[in-house]
Amino acid sequence: MSQHRHPGAPGSAGAVPALPDLPEATVARLPEYLRALHNLADTGHETVSSEGLATAAGVNSAKLRKDLSHLGSYGTRGVGYDVALLIEQIESVLGLTQRRAVALVGVGNLGHALAGYDGFASRGFRIAALFDADPGRVGEEINGLVVRHVDELPRVAAEESIAIGVIATPASAAQRVADQLVEVGVTSILNFAPCVLSVPEGVDVRKVDLAIELQILSFHEHRKASLTALPATGGSALTALPGGLAATDSQEAIGT
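Residues numbered from 1 in each chain as written. Predicted model: local features only at pLDDT ≥ 70, side-chain atom pairs only at ≥ 80, totals over all residues. Heavy atoms only, no water.

As recorded by an unreviewed UniProt entry, the protein chain carries the name Redox-sensing transcriptional repressor Rex and is attributed to Micromonospora costi. Under the Function (unreviewed entry) heading, UniProt states for the protein chain: "Modulates transcription in response to changes in cellular NADH/NAD(+) redox state." (UniProt positions renumbered as here; feature names shortened; annotations may be inferred.)

Right, dumping it as structure tokens:
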């Protein structure tokens, strides 16, 4: 979930080489294609059809072909896509040709698990620094890194060229941490705290809220249960309403 997006400035002086103007939904799917392509490469595949890549990535092939056409990659009729070349194209667009340094703030249960995850390195990221405000956590070593006090953020961010900040603090501390990250020049933030952050224009925030994802799954479970409870034939299906009321499917529920 993207909270803020920096407006593009094509043709601006001193800008990095122009990237294709990709739809946000396409950007969100490119990492899925990249993961599938790496798996194919690891198992010895040199080419892959659009149908095969779409199945591996969990999308339909028409959507995949449209997404990849934005990159100027159309594949070869009868052969498909060159796996190594497509990996190179996607990594270039995603800015993964260099390993980006990441600072993780908050090493509670979730932060500790994130700090110990080895999969970031293979995706182009380096956890360069860990921070916490709890004196009991400062000095702890996790996956070869020593937890520093968050007050050291300005110095360490400069030394390590921190590009991305990850917030895994309680919600009450998240905004303060976001402000500190912005102050030291971090313009990309991944927020695991269950809150909405206020950041200046030009700062991108991605929000990961596990509770929200569970609530969405709960809705689907609730919907499946209600469908299986409907009468097979005839009768009036009752729908539970707030306040203990019920309405048939032919009645219109009036919100309160």
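Chemist: Whenever I open this one, the UniProt feature "binding site: NAD(+)" (unreviewed entry) in the protein chain confuses me. Can you help?
Modeler: When the UniProt feature table is mapped onto this chain numbering, "binding site: NAD(+)" (unreviewed entry) sits at Gly106, Val107, Gly108, Asn109, Leu110 and Gly111. Note on Gly106: relative accessible area 5%, which makes it buried. Within the secondary structure, Val107 is located in the loop between strand 4 (100–105) and helix 5 (109–115). Residue classification places Val107 among the buried residues on the basis of a relative accessible area of 0%. Apart from the residues within four sequence positions on either side, Val107 is in contact with His112, Leu130, Phe131, Asp132, Arg137, Ile142 and Val147. (Buried < 20%, exposed > 50% of the residue type's maximum accessible area, 1.4 Å probe, protein only. Helix = DSSP H or I, 4+ residues; strand = E, 2+ residues; numbered from the N terminus. Contact = heavy atoms within 4.5 Å.)

Chemist: Explanation requested: helix 2 (residues 50–57) in the structure shown.
Modeler: For an α-helix, the turn length of 3.6 residues means that residues three or four places apart are oriented alike. Within helix 2, burial applies to Ser50, Leu53, Ala54 and Ala57. Take helix 2 and look down its axis: the buried residues cluster within an arc of 100°, on one side only. Summarising the contacts, the buried residues of helix 2 are in contact with helix 1 (24–42), strand 2 (47–48), helix 3 (61–69), strand 3 (81–82) and helix 4 (83–93). (Arc of directions from axis to C-beta.)

Chemist: Please explain the pairing of strand 5 (residues 125–132) as it appears in this structure.
Modeler: Taken residue by residue, a regular strand's side chains alternate between the two faces of the sheet. Here strand 4 pairs with strand 5 via 6 bridges, running parallel. When the bridges of strand 5 are listed, Arg100 appears paired with Phe125. Strand direction decides the pairing type here: strand 5 and strand 7 (residues 145–149), joined by 3 bridges, are parallel. When the bridges of strand 7 are listed, Leu130 appears paired with Val147. (Pairing = 2+ DSSP bridges.)

Chemist: So what exactly am I meant to see when it comes to the packing of aromatic side chains here?
Modeler: Within a pair of aromatic rings, the relevant descriptors are the distance that separates the centres and the angle that separates the planes. Taken as a whole, this structure holds 1 aromatic pair when the rule is applied. Their ring planes at 90° and their centres at 4.9 Å tell us that Tyr117 and Phe120 sit as a pair that is edge-to-face. Taking relative accessible area as the criterion, Phe120 reaches 24% and is therefore assigned partly exposed. (Phe/Tyr/Trp six-rings, centres within 6.5 Å; stacked < 30°, edge-to-face > 60°.)

Chemist: Quick question: what am I supposed to make of unusual backbone geometry here?
Modeler: Trans is the common state for peptide bonds, and a negative phi is the common state for residues other than glycine. The phi dihedral of Asn143 falls on the positive side, at around 55°, and the residue is not glycine. Position of Asn143 relative to the elements: it lies in the loop between strand 6 (141–142) and strand 7. Look at Ser161: it is not a glycine, yet its phi comes out positive at around 50°. Looking at the secondary structure, you find Ser161 in the loop between helix 7 (153–160) and strand 8 (162–167). For Ser161, a relative accessible area of 54% translates into the label exposed.

Chemist: Could you clarify how one ought to interpret the nonpolar core in this entry?
Modeler: Most often, soluble globular proteins have nonpolar side chains that are buried together. Formed by 24 residues in total, the largest nonpolar core has its most connected members in Phe131, Ile162, Ile167, Leu181, Ile189 and Leu197. For this core, the elements supplying multiple residues, two or more each, are strand 4, strand 5, helix 7, strand 8 and helix 8 (171–183). Ranked by the residues each element gives to this core, the list is headed by helix 8, at 4 residues. Leu34, Leu68, Leu86 and Val93 belong to the second-largest nonpolar core, a separate cluster that totals 21 residues. (Core = buried A, V, L, I, M, F, W, Y, C linked by side-chain atoms within 4.5 Å.)

Chemist: Help me understand the pattern of salt bridges in this model?
Modeler: A side chain with one charge may pair with a side chain of the opposite charge, provided their charged atoms come close. Across all of its chains, the model carries 10 salt bridges by this definition. The partner of Glu32 in a salt bridge is Arg35, with the nearest N and O atoms 2.4 Å apart. Placement of the pair is Glu32 and Arg35 together in helix 1, with a separation of 3 residues, close to one helical turn. Note that Arg65 is salt-bridged to Glu51, the shortest N-O span being 3.7 Å. Residue Arg65 is located in helix 3, and its partner Glu51 is located in helix 2; the two are separated by 14 residues in the primary sequence. The class of Glu51 is partly exposed, set by a relative accessible area of 43%. Within the structure, one salt-bridge network assembled from shared partners comprises Arg148, Glu152, Arg155 and Glu159. (Salt bridge = Lys/Arg side-chain N within 4 Å of Asp/Glu carboxyl O.)

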